[in-house]
Amino acid sequence: MASFLWTLCLSALFLASGVISAPPKRPIDVPFGRNYVPTWAFDHIKYFNGGSEIQLVLDKYTGTGFQSKGSYLFGHFSMHIKMVPGDSAGTVTAFYLSSQNSEHDEIDFEFLGNRTGQPYILQTNVYTGGKGDKEQRIYLWFDPTKEFHTYSVLWNMYQIVFLVDDVPIRVFKNSKDLGVRFPFNQPMKIYSSLWNADDWATRGGLEKTDWSKAPFIASYKGFHVDGCEVSVNAKFCETQGKRWWDQKAFQDLDAYQYRRLRWVRQKYTIYNYCNDRARFPTPSPECKRDRDI
Ligand SMILES: *[C@@H]1O[C@H](CO)[C@@H](O)[C@H](O)[C@H]1NC(C)=O
């Protein structure tokens, strides 16, 4: 009897944790206009399937970009993107969160294009209080121009996780205890853009954009947003501490996720600011945690 009760108790626990251990399914057909607006060069954004898919167009006149209508404090932010195919050298496709003030916080994905058949670089960065300089760079384990892939950020009080198709590629833990600022009180909007950055993007600026190959096109879908939306006058998010991304299961990576992260470290990482002693003779304090991964 006791063991029966115990089993019952365990399975109740298991069920309770099962509810939150995986993010809910994200609807794929949300139209762009529900959560996003163009930021500039409105005529360089094209809409398909009632706005559930869009394309950003870069030509020699301009790039373009869009941003979320809402501002968010914490959440899970994802986008399905198919990068510029073919010769994309010199182009940068960015997906990021940023606050709007001067000492701003920012969480960045930047996809650096390349010549046909050469690999993209995915650069990530974190800014806190207006200070960045925390770049990491990886190659991807697939060709990001062939299909849509999911790029997402999990942001709560405990950690910021960068994910590619649900594989964690980077974790920025809240290291307040080590004296490192962590984004926690400045609401952020979600942004994406496609522009020409051939002064630095590809092989450090050696490879220039070939305008005879224009227009350059990146495709997007998945405009659903899972975040704590902050209203104009309320600085804090009412539901803080209650949403799925705040729950125990998302306060740290699990063992499997750490294994995936180490796999990315070992096989695909090409740059980590934590290991760049020429640039940072004394590494930033949070690098202590980075080394433990
Ligand atoms: C582009 O390809 C070259 C040669 O394979 C490689 O060294 C470089 O890291 C690639 N990516 C970028 C963005 O430069």
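The numbers attached to residues start from 1 for each chain and follow its sequence in the written order. Local features in this predicted model are restricted to residues whose pLDDT is 70 or higher, and side-chain atom pairs enter the listing and the counts only when it is 80 or higher, whereas totals over whole chains, interfaces and linings include all residues. Side-chain numbers come from the whole structure's heavy atoms, not from hydrogens or water.

> It is not clear to me how the nonpolar core should be interpreted in this structure. Could you clarify?
The tendency in soluble globular proteins is for nonpolar side chains to be buried as a group. Take the buried residues of types Ala, Val, Leu, Ile, Met, Phe, Trp, Tyr and Cys, join any two whose side-chain atoms come within 4.5 Å, and each joined set is a nonpolar core. Each residue is placed in one exposure class: buried if its accessible area under a 1.4 Å probe, protein chains only, is under 20% of its type's maximum, exposed if it is over 50%, and partly exposed if it falls in between. Counting 65 residues, the largest nonpolar core has Phe66, Phe109, Tyr151, Trp155, Tyr220 and Phe223 as its most contacted members. Working definition: helices are DSSP H or I runs of at least four residues, strands are E runs of at least two. Numbering for both runs from the N terminus. Ranked by residue count, the leading element in this core is strand E5 (residues 71–82), at six residues. Val92, Leu112, Ile121 and Ala201 belong to the second largest nonpolar core, which has five residues in total.

> Would you take a moment to explain the sheet that holds strand E13 (residues 189–196) for this structure?
Within a sheet, neighbouring strands are paired by backbone hydrogen bonds and run either parallel or antiparallel to one another. In this analysis, strands are considered paired if DSSP registers two or more bridges between them. The eight strands are arranged E1-E4-E13-E6-E7-E8-E9-E16 in an open sheet whose pairing can be described as antiparallel. With one partner strand each, in any of the chains shown, strand E1 (36–40) and strand E16 (269–272) form the two edges of the open sheet. Geometrically, the sheet is characterised by an average inter-axis angle of 15° between neighbouring strands, direction not taken into account. Packing of helix H3 (residues 255–268) onto the sheet brings it into contact with strand E9 (136–138) and E16, and relative to E16 it is tilted by some 95°. Here an axis means a line fitted to C-alpha atoms, over the contact stretch when the element is a helix, while the angle between two N-to-C directions is reported on a 0 to 180 degree scale. Contacts are assigned to residue pairs that have any heavy atoms within 4.5 Å of one another.

> When you look at the state of the cysteines in this model, what are you seeing that I'm missing?
Here, disulfide denotes a covalent bond that connects the sulfur atoms of two cysteines. Throughout, a disulfide means two cysteine sulfur atoms within 2.5 Å of one another. All chains considered together, the criterion is met by one disulfide. Between the sulfur atoms of cysteine 274 and its disulfide mate cysteine 287 the distance is 2.0 Å. Around the S-S axis, the bridge from cysteine 274 to cysteine 287 shows a dihedral of about -80° and counts as left-handed. Here the residue cysteine 274 occupies a position in the loop between E16 and helix H4 (287–292), and cysteine 287 occupies one in helix H4, the gap between them amounting to 13 residues. Note on cysteine 274: relative accessible area 1%, which makes it buried. Classification of cysteine 287 by relative accessible area gives buried; the value is 1%.

> I tried to follow the environment of aspartate 290 on my own but got confused; where do I start?
By the secondary structure assignment, aspartate 290 is in helix H4. In contact with aspartate 290, not counting residues within four places along its chain, are Gln136, Arg265, Asn272 and Cys274. N or O atoms within 3.5 Å of each other form a polar contact, as long as, within protein, one can give a hydrogen and the other can take it, and as long as residues adjacent in sequence are counted only when both atoms are side-chain atoms. Side chain to side chain, aspartate 290 and glutamine 136 meet in a polar contact 3.4 Å long.

> Please clarify how the pairing of E5 should be interpreted in this entry.
In the case of a regular strand, side chains alternate between the two sheet surfaces. For E5, the tally of buried residues reaches eleven of twelve residues, placing the bulk of the element in the interior. Pairing analysis gives four bridges linking E5 to strand E15 (residues 226–230), with the strands arranged antiparallel. In the sheet register, glycine 75 faces E15, and the bridge partner there is glycine 227. The sheet contact formed by E5 and strand E10 (residues 149–155) spans seven bridges and is antiparallel. Residue pairing in the sheet places glycine 75 in a bridge with tryptophan 155 of E10. Pairing between E5 and strand E14 (residues 216–221): three bridges, direction antiparallel. The partner of histidine 80 across the bridge, within E14, is lysine 221.

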